[in-house]
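One-letter residues, chain by chain:
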Amino acid sequence: MIIKIGIVDSDIDYVSRLESVLSGYDDVEVYTYTDATNIEVNLKSAKLDVLLFADDMYVAAMEKQTKLAVMFLDETGAVKPELAGFETVQKYQRISSIYKMIIEQYAAIVGVSTERAGNRTKIVTCWSPVGGVGKTTISLAMATRLAKEGKSVFYINFETYPSDGTYLEDKLGRGIRELAADIRKDINFELKIKGLLQEKSTNFYYMNHFDKVIDFKDTSEDELKELVEVIANHGGFDYIIADIDSSVNTKNKRVIDIADKVILLGSQDSYATRKMAAFYDELVNKDLDSAKYLSVRNKMTPGASLTIENEINFVANLPQLNGTNEVIINSLADNMFMGQIVEAL
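For every chain, the first residue of its written sequence is number 1, and the numbers climb from 1 along that sequence. In keeping with the predicted nature of the model, local features appear solely for residues at pLDDT of at least 70, side-chain atom pairs appear and are counted solely at 80 or more, and the whole-chain, interface and lining totals rest on all residues. Only heavy atoms go into the side-chain values, all of them from the structure, while hydrogens and water stay out.

(A) Summary view of the pattern of salt bridges. A pairing counts as a salt bridge when a side-chain nitrogen of Lys or Arg comes within 4 Å of a carboxyl oxygen of Asp or Glu. Evaluated as defined, the whole model comprises 17 salt bridges. In this structure, the salt-bridge partner of Asp182 is Lys192, at a minimum N-O distance of 2.9 Å. Within this pair, whereas Asp182 is found in the loop between α5 (176-180) and α6 (189-196), its partner Lys192 is found in helix α6, the two being separated by 10 residues in sequence. Here Asp182 matches Lys192 in class, with each residue buried. One salt bridge in this structure joins Arg184 and Glu226, with 2.6 Å as the shortest N-O distance. Of this pair, Arg184 sits in the loop between α5 and α6 while Glu226 sits in helix α8 (residues 221-234), and the two are 42 residues apart along the sequence. Buried residues are those whose accessible area, probed at 1.4 Å on protein chains only, stays under 20% of the maximum for their type, while exposed residues exceed 50% and partly exposed ones sit between those limits. Here Arg184 falls in the exposed class, since its relative accessible area comes to 55%. The exposure class of Glu226 is partly exposed, given its relative accessible area of 24%. Under the DSSP-based scheme used, a helix requires at least four consecutive residues in state H or I and a strand at least two consecutive residues in state E, with every element numbered from the N terminus.

Take a look at the structure:
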């Protein structure tokens, strides 16, 4: 889908810079108008999807000549009473943020999207009955490794108290909460997702987690399932890495149920080992699809030997590492044993 965006503003330098950056996106065409002469005729002939305009160049026909009209706000944020009904965007900000806002708002009016054709998105989650074994670190390292191998990866954190913020910077101030609010609406989810996506590195995408605990708690397990399915069906990713906490609750169970693969993460710590052994004993007595579960041990010291009775599909030991989150995650991503984990997905 190509979105035709018009920019109406007399600030020639700003319009030129905005056009240059927006034209770099492969899903937009940009048309600029810096002279008010014949603006109505020009807009009518262009048949624009989105119009960004400065209030001093507003003409009454604008909203009739486009599907979405958005007014630039200057530093004062002042809005003339006669223009109070328009969507607005702060003019002097990062242009990528303006692009994201346009895409997200356009998604609400352009119509329902169809599911993407092509390869099915694989859903992977990492879980442990033990806290502190590095679920988020391993989830991020796994996403990093897949991205480096050319796979398109979407990471989302569903912890009650998310711990990914030290590695994934929120540059938008919006994210999964905004998508969750729309999952049962007739909107274009492909565009909605694109408008909320952030990029850590090539092929590694994410959305900001639920930024308020109450919003996450108010989201039901059914809504969480629908949320993951919307991303899988409309995001166009090869993998979704869903990061959940150690709780045994209905939300985590629902994510585990819809996952294609579940990384069961332990460590050599004696407390963790006992809890993992008890968990594996419980699994033996349940009618489960054991093929979807992969056992991985993290924070292992060199030469350590560990045997856990009834352990399911053991794949690899990952080493204990020290350093910043960035260093540890990238080191684990490049580790040969992470390659074995990714190959088993």
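(B) Seen up close, α6. Most of α6 is tucked away, with 6 of its 8 residues classed as buried. Residues of α6 that are buried include every one of Phe189, Leu191, Lys192, Ile193, Gly195 and Leu196, and no others. Two N or O atoms form a polar contact when they lie within 3.5 Å of each other; inside protein one atom must be a possible hydrogen donor and the other a possible acceptor, and for residues adjacent in sequence the pair counts only when both atoms belong to side chains. A side-chain oxygen of the first residue of α6 lies 3.3 Å from the backbone nitrogen of Glu190; this N-cap is Asn188.

(C) Looking closely at the pairing of strand β11 (residues 261-267). The element β11 is extensively covered by neighbouring structure, given that 7 of its 7 residues are classed as buried. A two-sided burial pattern is seen for β11, the buried positions comprising Lys261, Ile263, Leu265 and Ser267 on one face and Val262, Leu264 and Gly266 on the other. A pair of strands counts as paired when DSSP detects no fewer than two bridges linking them. In terms of strand pairing, strand β6 (residues 122-127) meets β11 through 4 bridges, oriented parallel. By the bridge assignment for β11, Thr125 is matched with Val262.

(D) Spatial organisation of the pairing of strand β4 (residues 66-73). Among the 8 residues of β4, 7 are classified as buried, and the element is accordingly described as predominantly covered. Note that strand β3 (residues 48-53) and β4 share 5 bridges and pair parallel. Paired with Leu52 across the strands is Val70, a residue of β4. In this structure, β4 lies alongside strand β5 (residues 87-90), joined through 4 bridges in parallel fashion. Looking at the pairing, Phe72 lines up with Val89 of β5.

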